[in-house]
4 protein chains.
Amino acid sequence: MAGSSFGKIITLTTFGESHGEAIGGILDGFPGNFPIDISAVQQQLDRRKPGQSKITTQRKEEDQLEILSGIFEGKTTGAPIAFIIKNKDARSKDYSHLETAFRPSHADFTYHRKYGHYDYRGGGRSSARETAVRVAAGAFCQQFLSSKGIEISAFVDQVGIIRTYTVSSDQAEIDISPVRCPDPEAAKKMQSLIEDTKKKGDTVGGAIKCIITGIPAGLGEPVFDKLSAALAQAVFSINAVKGFEIGSGFGSVEMNGSVHNDLFNTDGTTKTNNSGGIQGGISNGMPVVFRTAFKPVATLLQKQPSINKSGEEILLEGKGRHDPCVVPRAVPIVEGMAALVIADFYLQWKAYQ
Amino acid sequence: MAGSSFGKIITLTTFGESHGEAIGGILDGFPGNFPIDISAVQQQLDRRKPGQSKITTQRKEEDQLEILSGIFEGKTTGAPIAFIIKNKDARSKDYSHLETAFRPSHADFTYHRKYGHYDYRGGGRSSARETAVRVAAGAFCQQFLSSKGIEISAFVDQVGIIRTYTVSSDQAEIDISPVRCPDPEAAKKMQSLIEDTKKKGDTVGGAIKCIITGIPAGLGEPVFDKLSAALAQAVFSINAVKGFEIGSGFGSVEMNGSVHNDLFNTDGTTKTNNSGGIQGGISNGMPVVFRTAFKPVATLLQKQPSINKSGEEILLEGKGRHDPCVVPRAVPIVEGMAALVIADFYLQWKAYQ
Amino acid sequence: MAGSSFGKIITLTTFGESHGEAIGGILDGFPGNFPIDISAVQQQLDRRKPGQSKITTQRKEEDQLEILSGIFEGKTTGAPIAFIIKNKDARSKDYSHLETAFRPSHADFTYHRKYGHYDYRGGGRSSARETAVRVAAGAFCQQFLSSKGIEISAFVDQVGIIRTYTVSSDQAEIDISPVRCPDPEAAKKMQSLIEDTKKKGDTVGGAIKCIITGIPAGLGEPVFDKLSAALAQAVFSINAVKGFEIGSGFGSVEMNGSVHNDLFNTDGTTKTNNSGGIQGGISNGMPVVFRTAFKPVATLLQKQPSINKSGEEILLEGKGRHDPCVVPRAVPIVEGMAALVIADFYLQWKAYQ
Amino acid sequence: MAGSSFGKIITLTTFGESHGEAIGGILDGFPGNFPIDISAVQQQLDRRKPGQSKITTQRKEEDQLEILSGIFEGKTTGAPIAFIIKNKDARSKDYSHLETAFRPSHADFTYHRKYGHYDYRGGGRSSARETAVRVAAGAFCQQFLSSKGIEISAFVDQVGIIRTYTVSSDQAEIDISPVRCPDPEAAKKMQSLIEDTKKKGDTVGGAIKCIITGIPAGLGEPVFDKLSAALAQAVFSINAVKGFEIGSGFGSVEMNGSVHNDLFNTDGTTKTNNSGGIQGGISNGMPVVFRTAFKPVATLLQKQPSINKSGEEILLEGKGRHDPCVVPRAVPIVEGMAALVIADFYLQWKAYQ
């Protein structure tokens, strides 16, 4: 399996299966001589970890970050930063029934076809647990970007049919509700929808919005490495993502150019931001705003017909402990992937300054 | 400007400005000893070229493909295939007024900030003319993929508020209308909407759907190089794209898992295709289906307030000849980018067979 | 620090400092469903580890391999294979005197200029200890290549002025002497030269020859990714390497074409192998043969004048435990890097078969 | 055929066969807003072109550079710089006899095995003519590096058994002799050796030394992307190269550390430069010095036994016009590849300043 590395100047390479020894990553190309706050990295991991509230899975994973290299006397050395998160509370037996079964809309079938042999326990390499590594690496990048005045903040924009038009980049405000929606009204509705859905043994989809402020004009490369294209790939590499839009997004389809165009102020800022902070693939200095669709979790706590490796019909019953809706825990993952992209493009931009 | 290369095993590197000597590209890693039908490549270029109908720009560009290397006695040699398309009918004077002006929602401002010095004529490097190179390279890949039973077909799914639910992968059926929508009823409405919009000197957005059939299960790499993520980047690198979704896309946000999951038939196919042919980032053998949002063209044939390089307010009047809606001509571009991705992943997959 | 990844389809990403928590790597893109013999990997590590004989450093490092992912029930899964080697017996105090000193012909000075802040203990990231990770990853690749009939074998060809013209690809024969030279006579002389040099607190250079058999014709890409160029980069990325030559190498400078040309047998093999198995950057099916020069170890167990970070003259005395000559332990490192290259090119080649 | 791209931030992608329409390249990532002297680029091309003197082939190629993009009003725009060199005076008939023959120590056999179908005329893609593209791209980079105080200069160090110990970085001094050796005595001997060799219808090898001055300390990445490793790959990607060494090179094998170590002056420079300006893979501010071995040209103007595609023995007679020794014309090629590497690493370094 290739494709476990991401980035051009700052690269993250990840490893690990849900029920193996550990998951982890190597963050290479991170600037040296930079003072790192490990507790802040751990805090982002804690925002992603299971068992935070009754609307998330009750799996108790500590997700304790262990640094193996690249940091000396509290500062980065410029050497690759390697870190691992040991797997604990791995009830493999919960998954023994999956040795031969294909779960609908999971990766069991495609892994079987691609690799023949794979670690089926808890999804193995295809488990969303892998995203913890992205959160940790992204948190390192967020600290670097903050030192340059660039802040990245995501929140839950929609759960099922309940959406909000409130926008926030204040983490305290966002985290006040376990749903991570900054609109208290909507948050309450989302929470009860998730709880009801869980009671039915069902799951529901959601959407996350991300806002990046302080980006200087000039980040992103025209043609194939547009900043928008890099963000699209980064976010689409997160499990369960089905859609991605920037600025006006799909709404732009129904608009006229006379309404959609972002008119300039004399200082070069724009009166509107339908462009979502990116024009011709290059940041224009306005906030970068994008939105992502997450499908409902595929693992249901109800009976589902499926097939096994022999192509026989079977009846599956969801076991293990799973989220009824991924978006509350996906917020730091989206932030992490965005941070990896922006930090990488920031350094690419610096090379020409 | 970096970022003019795309792909891992099969790579396309492009060059050229709208009003320079020529545009072109180098397609490297294309399989050798493969008989190429150049006229079929030219035909795809003709589907993109301006002046095809009264709903597209009246610029007359011949977009004549010239092969410089990589093909010998009618077959590819495995050497890089280089080709150019000379720029003709380049009325630079149409653009002289842009030497100092920033057009709203164009790349003028970001290029100015990033490069200081750039070819402003007709958008220079940021012009959509660059996409002709992608169409040509994609057409080479489409021929290779066809020889493996993989077919890629895109069509216009929506213009403004008019959309269709008709699906087609038959090019003749799609091209019967200049709008490239396979639903005759919708096509007629789309066409008149575009014509009315043009009369007003305005523009309108649109959406394109793409269907890829015959992909074997197993294409795509887990984690960062998911097939879905690669397609997202590829399509988002096309000018004017604001959104991308696969399978159920943004619709999945409002769905429950019990409805969204694709149940298996005993042969491994699925009864529904909300996954859009990709599970865990890997193709599952079902058709890959994605949809893309294009914003309304930024160049309006009406007066617009803007600013110049000195930050003074100016009044812009759209000159030159422009499309009121890009989607009819964007169809082969979407096909081309999809073909580059699938061909590249096909060879990556072959390496492990 | 970027540049910790190597390879295109099979990639190795490494991390770790000499006196940090651990060193390790992620081997991504390794074929799945392949039965791995971990003990054979450990055996290659043991060939590199210090303290093997009295002609190598007396540091006792166990270099115990720990697999964290990618192997399930004794076979690779296709997922990234992550492994670590914990650092033990790290007498950091041996190096405290280096906090401010620059050792001649070491990386202290360049790291100081490049990173400002770095882990100086035992060379930190620049320590040859990092190469253990390459040996482990290379050993995985050697097992894969063996299954395809490709064998890689290196041996000591020269130490100081003592060289051999004996060639061998039999590991037992090579390892019979601690010098790893298959010529018993030369080996004895090399060993006493190393011992004498050590007594003087001095060090001496050496050369390693590597022979790769069973490579099919067709590996390697013309132009920039010639197989010869990839091997040159791979081997030159090993600490202390000063020279690399393929086939006739520097000897070809003094030859005439009429003597140098490799004439064909009717089966396509050649009567001579001055090409070293590579023509036009592509393997021709003959054994690939290359030779590498290693400079004498820079750390001397005698007094040397040097400077410190303040640019003041100091007198350095080599501490710690060091090799008087690196080549005996470098043999598996050269094999490892060659294996990473050949395995990567083998899969690139397979993509087009 | 992949592998036609080189570099990470500044990338060169090349195309073209010896007797096709044209050869050329795309130089992407070159800094924008930089005033370019095209005539100086053409001058480097003229240093490589055939027919310069009676010791080089009499083929008359004009090697006229045509710029297609990336330069506007005399300055680079940051967009990819595309250029072509049309093929003229292509006497294909000279090569018709090669349609089925394999020339000893040429790439005919390996291309046949790898691609099945290829352009055999004059070596097609494997022809050294491809290197003209590297010279042009390198000349662009040399202008950029000069503006940073970095100068690259190569010269002929050895032809056959005749070598020089004279060192020069003054192009006028180097070019005063057609051999491009700055030592007039040696140059005269080399010239007559080449002429005598030519008379016999034979060829002879040679070596080129390259000196790079003004490089700041800190260029190069530890581990795999050492500056030395990148130069090794770059130079080994040139046709006919059999060996590469940096600083003391293969001579270091016979040296003791007490002699080899480069002792520091208090300003951080070193009293000797056995390191060749690179320590731990990173430039130390001293001149970078490397030496390259070129084998004798494989095409002989005398009869040679060989085989054809059917494996039958044939008698080959060298036709076409060829160099008896490549090094005089290879000087600008070596400079070009070195310039591509240094410019790329310079920008990578800038990203962290």
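These numbers were taken from a predicted model, which means no experiment stands behind them.

A. Spotlight on the overall build of chain A. A tally of helices and strands in chain A yields eight helices and 17 strands. Seen through its C-alpha atoms, chain A measures out along the principal axes to roughly 65 × 50 × 40 Å. Each of the 353 residues in chain A was classed as buried or not, and the buried ones make up 69%. Approximately 10600 Å² of chain A is accessible, and the part contributed by carbon and sulfur atoms is 51%. Considering chain A, the positive charge centre built from 39 side chains and the negative charge centre built from 38 side chains are found 3 Å apart.

B. Spotlight on the packing of helix H1 (residues 38-48) of chain B against helix H8 (residues 327-350) of chain B. Residue and element names in this part refer to chain B. Two elements in contact, H1 and H8, have axes whose closest approach is 7 Å; the angle formed by their N-to-C orientations is 140°. Relative to H8, the element H1 lies oblique. Every residue of H8 that contacts H1 at Gln 44, Arg 47 and Arg 48 is listed here: Arg 329, Val 331, Pro 332, Ile 333 and Glu 335.

C. Examining the interface of chain A and chain B more closely. Taken residue by residue, the interface counts 99 residues in chain A and 100 residues in chain B. In this assembly, chain A packs against chain B so that about 7600 Å² is buried in total across both faces, 61% of it on carbon and sulfur atoms. Among the residues chain A hides against chain B, the three largest losses belong to Phe224(A), Lys242(A) and Phe264(A). Together they make up 11% of the total. Applying the counting criterion to the chain A and chain B interface returns two salt bridges. Ionic pairing is found between Lys114(A) and Glu221(B), a salt bridge with its closest N-O pair at 3.4 Å. Between the two partners, chain A and chain B, sit 43 residue pairs in polar contact (both at pLDDT 80 or more). The leading source of residues in the side of chain A that touches chain B is helix H2 (residues 108-115) of chain A, at six residues. For the side of chain A that touches chain B, the residue count by class is 37 nonpolar, 43 polar and 19 charged. Two strands pair when backbone bridges link them, and strand E12 (residues 241-246) of chain A and strand E12 (residues 241-246) of chain B are joined in this way by three bridges, in the antiparallel orientation. Residue pairing for E12(B): Gly243(A) is matched across the bridge by Glu245(B).

Criteria and thresholds
Residues numbered from 1 in each chain as written. Chains lettered and ligands numbered in written order. Predicted model: local features only at pLDDT ≥ 70, side-chain atom pairs only at ≥ 80, totals over all residues. Heavy atoms only, no water. Helix = DSSP H or I, 4+ residues; strand = E, 2+ residues; numbered from the N terminus. Buried < 20%, exposed > 50% of the residue type's maximum accessible area, 1.4 Å probe, protein only. Areas by Shrake-Rupley, 256 points an atom, 1.4 Å probe, with all protein chains shown as cover. Lys, Arg positive; Asp, Glu negative; His and termini not counted. Charge placed at Lys NZ, Arg CZ, Asp CG, Glu CD. Axes fitted to C-alpha atoms, helices over the stretch in contact; angles between N-to-C directions. Parallel < 35°, antiparallel > 145°, perpendicular 65-115°, else oblique. Contact = heavy atoms within 4.5 Å. Buried area = accessible area lost by both parts, 1.4 Å probe. Salt bridge = Lys/Arg side-chain N within 4 Å of Asp/Glu carboxyl O. Polar contact = N/O pair within 3.5 Å; in protein donor to acceptor, adjacent residues only side chain to side chain. Nonpolar A, V, L, I, M, F, W, Y, C, P; charged D, E, K, R; others polar. Pairing = 2+ DSSP bridges.

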